[in-house]
Amino acid sequence: TGVDVASLPLKHKCLALRAGDSPWTVGRMQQPNLFTRVVPDESVRGSISRSHLTLSWQRGTVRLKKLSANVVLVDGRPIPPQQEMAVSNGGQIGFCGQDNLTTFLVFQVFVRDPNAAARL
């Protein structure tokens, strides 16, 4: 069964990342509570690798590097393994199921204050 993520408090459905702490690894091993909350079905959650991707802050831009063999989408487009690419403010990062087609979870990237983050 799914979760109505909209009904969760903001702190239970977000990854808050600070520019000075970059790079950040995202996956079941690093954020187990988050992924258990938003994807309670363990068979679906297994499509999220322990270390699925990294995000970094480089020259005022959020960059994503895919670490997993599982599909990662950026703005709906699949990312090849080990490829790094920019993710725009407001861009979406999607996780696909074992069929590599069905998106079951999407995060939206928000840079709270791009000017402040660029000064770090």
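Draft legend 1. Fine view of the sheet that holds strand 2 (residues 53–58). A sheet is described by the order of its strands in space; here 4 strands give the open sequence 1-2-3-6, paired in antiparallel fashion. Of all the strands in the sheet, the pair left with one neighbour each is strand 1 (24–26) and strand 6 (84–87). Pairwise comparison of adjacent strand axes, ignoring direction, gives a mean angle of 30 degrees for this sheet. Relative to strand 6, strand 3 (residues 61–66) is paired through 4 bridges, and the arrangement is antiparallel. Across the sheet, the residue bridging to K65 is E84, located in strand 6.

Draft legend 2. Fine view of the nonpolar core. One finds F35, L53, L55, L64, I93, F95 and L105 to be the most contacted residues of the largest nonpolar core, which totals 23 residues. For this core, the secondary structure elements donating two or more residues are strand 1, helix 1 (32–38), strand 2, strand 3, strand 4 (72–74), strand 6, strand 7 (92–96) and strand 8 (103–108).

Draft legend 3. Structural context of the pairing of strand 8. Pairing geometry for strand 7 and strand 8, over 5 bridges, is antiparallel. Across the sheet, residue I93 finds its bridge partner in strand 8, namely F107.

About the criteria used
Residues numbered from 1 in each chain as written. Predicted model: local features only at pLDDT ≥ 70, side-chain atom pairs only at ≥ 80, totals over all residues. Heavy atoms only, no water. Pairing = 2+ DSSP bridges. Helix = DSSP H or I, 4+ residues; strand = E, 2+ residues; numbered from the N terminus. Axes fitted to C-alpha atoms, helices over the stretch in contact; angles between N-to-C directions. Core = buried A, V, L, I, M, F, W, Y, C linked by side-chain atoms within 4.5 Å. Buried < 20%, exposed > 50% of the residue type's maximum accessible area, 1.4 Å probe, protein only.

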